[in-house]
Amino acid sequence: MSSRNVSRWDGVRDVPPLQCNVALMGTSTEHPPFDLPGNRIFSVILSLVGAVWLFSVGCGPVSETSEEPVNPPPTGGLVQGVVVSGLAPPVTGGFRSVILFEPDVPLAAPVPADPATMDQFGLAFIPEVLVARVGQEVAFTNGDAELHNVHVRSSASSKTIFNIATPIAGEYLHMFDAGTYTVSCDVHPAMAAYIVVTEAPYGVVADRDGRFELAGISAGRHTVRVWSVDTERQSERVVDIVGKTDLDLSAPE
Ligand SMILES: [Cu+2]
């Protein structure tokens with residue numbers, strides 16, 4: 001797995017710069033040259049004392065936070081918790097954008113044991129856009145006091161994946177392949193939702209304005225995919241995440 005264009009992961013340089021290089025040089029030139037041997041010895045002693053004093057007051061190596069790209073941790077694990085925020089396309093047709101981050105370095109991010117749940121409540125699917133990991137179950141529940149059904153189609157092929165009745169307080173579990181799915185209720189044609197099922201370990205649904213924030217992302221190179229119900233607003237790009245990052249994903253590149 002490539003980590004091109006990245007040099008280290010912790011932001012600390014190999015050879016830390018000394019904060020006080022200039023001051024140390026100044027110590028050795030502040031004093032006029034002494035011609036007598038005794039004065040030379042005195043000068044050397046003065047310089048040494050000055051150097052020791054400067055180090056003692058904090059002129060040691062500086063752990064400087066570098067602006068340079070950083071390498072991901074060798075394990076590719078969830079060692080770093082970088083916060084990534086940004087702007088994606090705003091809500092479109094009542095459906096919010098989804099932002100997915102897939103690291104170049106494989107990540108041992110376990111699939112959540114709990115299902116991702118889509119409820120039917122108030123004659124609506126809640127949430128209207130659901131993100132689930134491949135291998136994670138999706139639970140369909142009915143919190144309303146009336147019968148619904150759940151009709152799921154592949155967004156790509158329009159083929160029905162399943163069409164089941166959801167009795168009051170009932171729950172139906174399904175595990176999806178990666179992809180995007182449209183959800184409808186044949187009893188109430190106004191009810192509609194989407195499910196995005198992804199291999200990506202990080203995903204977030206933006207707010208109505210398109211703002212999003214996601215914490216705990218591993219530093220390094222990521223493929224960032226934006227899903228929107230408007231296919232023209234979908235995008236994919238490669239981003240090097242170094243530290244706290246703000247991304248403008250509002251328009252395709
Ligand atoms: Cu319904």
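Note that the coordinates shown come from a computational prediction; the quantities given were computed from them, not determined experimentally. (Residues numbered from 1 in each chain as written. Predicted model: local features only at pLDDT ≥ 70, side-chain atom pairs only at ≥ 80, totals over all residues. Heavy atoms only, no water.)

1. Concerning the overall build of the protein
- What the protein contains, in helices and strands, is two helices and 16 strands.
- Each of the 253 residues in the protein was classed as buried or not, and the buried ones make up 39%.
- Counting only contacts in the protein whose residues sit at least 6 apart along the sequence, the fraction spanning at least 24 positions is 68%.
- Per element, the accessible surface of the protein, about 13700 Å² overall, is 57% carbon and sulfur. (Helix = DSSP H or I, 4+ residues; strand = E, 2+ residues; numbered from the N terminus. Buried < 20%, exposed > 50% of the residue type's maximum accessible area, 1.4 Å probe, protein only. Contact = heavy atoms within 4.5 Å. Areas by Shrake-Rupley, 256 points an atom, 1.4 Å probe, with all protein chains shown as cover.)

2. Some thoughts on the coordination of the copper ion
- Those donors, His148 (ND1), Cys185 (SG) and His188 (ND1), are the protein atoms that reach the copper ion, and they lie 2.0 to 2.1 Å from it.
- Here the donor residues of the copper ion are spaced in sequence according to H-x36-C-x2-H. Taken together, the positions of His148 in strand E7 (residues 148-154) and His188 in the loop between strand E10 (179-184) and strand E11 (192-198) put the pair 40 residues apart, joining distant regions of the chain.
- Given a relative accessible area of 2%, His148 falls into the buried group. (Donors = N, O, S within 2.8 Å, 3.2 Å for Na, K, Ca; no water.)

3. Observations concerning the sheet that holds strand E5 (residues 129-133)
- Reading across the sheet, the five strands line up as E5-E11-E10-E7-E8 and stay open at both edges, with mixed pairing between neighbours. Each edge of the open sheet is held by one strand with a lone partner, namely E5 and strand E8 (160-166). With direction set aside, neighbouring strand axes in the sheet form an average angle of 20°.
- Where E7 and E10 come together, four bridges link them in antiparallel fashion. Along E10, the bridge assignment pairs Arg153 with Thr182. (Pairing = 2+ DSSP bridges. Axes fitted to C-alpha atoms, helices over the stretch in contact; angles between N-to-C directions.)

4. Description of the pattern of salt bridges
- Using the criterion set out here, one finds five salt bridges in the structure.
- Among the salt bridges present, the one from Glu128 reaches Arg96, with a minimum N-O distance of 3.1 Å. Of the two residues, Glu128 sits in the loop between strand E4 (125-126) and E5 while Arg96 sits in the loop between strand E1 (82-87) and strand E2 (98-103), which places them 32 residues apart along the sequence.
- Judged by relative accessible area, Arg96 falls into the partly exposed class, the value being 26%.
- The partner of Arg221 in a salt bridge is Asp240, with the nearest N and O atoms 2.8 Å apart. On the criterion of sequence distance, the pair formed by Arg221 in strand E14 (residues 220-227) and Asp240 in strand E15 (residues 235-241) is long-range, its members being 19 residues apart.
- Residue classification places Arg221 among the buried residues on the basis of a relative accessible area of 13%.
- Sharing partners across several salt bridges, the network here consists of Glu102, Arg225 and Glu236. (Salt bridge = Lys/Arg side-chain N within 4 Å of Asp/Glu carboxyl O.)

5. Re the side chain of His148
- Within the structure, the side chain of His148 is placed 2.8 Å from the side chain of Asp144, a separation counted as a polar contact.
- Within polar-contact distance, the side chain of His148 engages the side chain of His188 at 3.1 Å.
- Residues contacting His148, with those up to four places away along its chain left out, are Gln120, Leu123, Asn142, Ala165, Thr166, Cys185, Val187, His188 and Met191. (Polar contact = N/O pair within 3.5 Å; in protein donor to acceptor, adjacent residues only side chain to side chain.)

6. Notes on the side chain of Thr245
- Here Thr245 lies in strand E16 (residues 245-248).
- By relative accessible area, Thr245 is classed as buried at 14%.
- Not counting residues within four places of it along the chain, the set of residues in contact with Thr245 comprises Val83, Val84 and Ser85.

7. Quick look at the nonpolar core
- Counting 20 residues, the largest nonpolar core has Val84, Ile99, Phe101, Phe212, Ile217, Ile241 and Leu249 as the members making the most contacts within it.
- In terms of residue count, strand E13 (residues 211-217) provides more of this core than any other element does, three residues in total.
- Filtering out sequence-adjacent residues up to four positions away, Leu249 remains in contact with Leu87, Ala88, Pro89, Ile99, Phe212, Val224, Val226 and Arg237.
- Formed by 19 residues, the second largest nonpolar core is a distinct cluster that contains Phe125, Phe140, Tyr181 and Val183. (Core = buried A, V, L, I, M, F, W, Y, C linked by side-chain atoms within 4.5 Å.)

8. Notes on the confidence of the model for the protein
- Across the protein, the average pLDDT comes to 75, with 68% of residues at 70 or higher.
- Between residues 1-37, whose pLDDT stays under 50, and residues either more than four places distant or in other chains, the model counts 68 contacts. (pLDDT = per-residue confidence, 0-100.)

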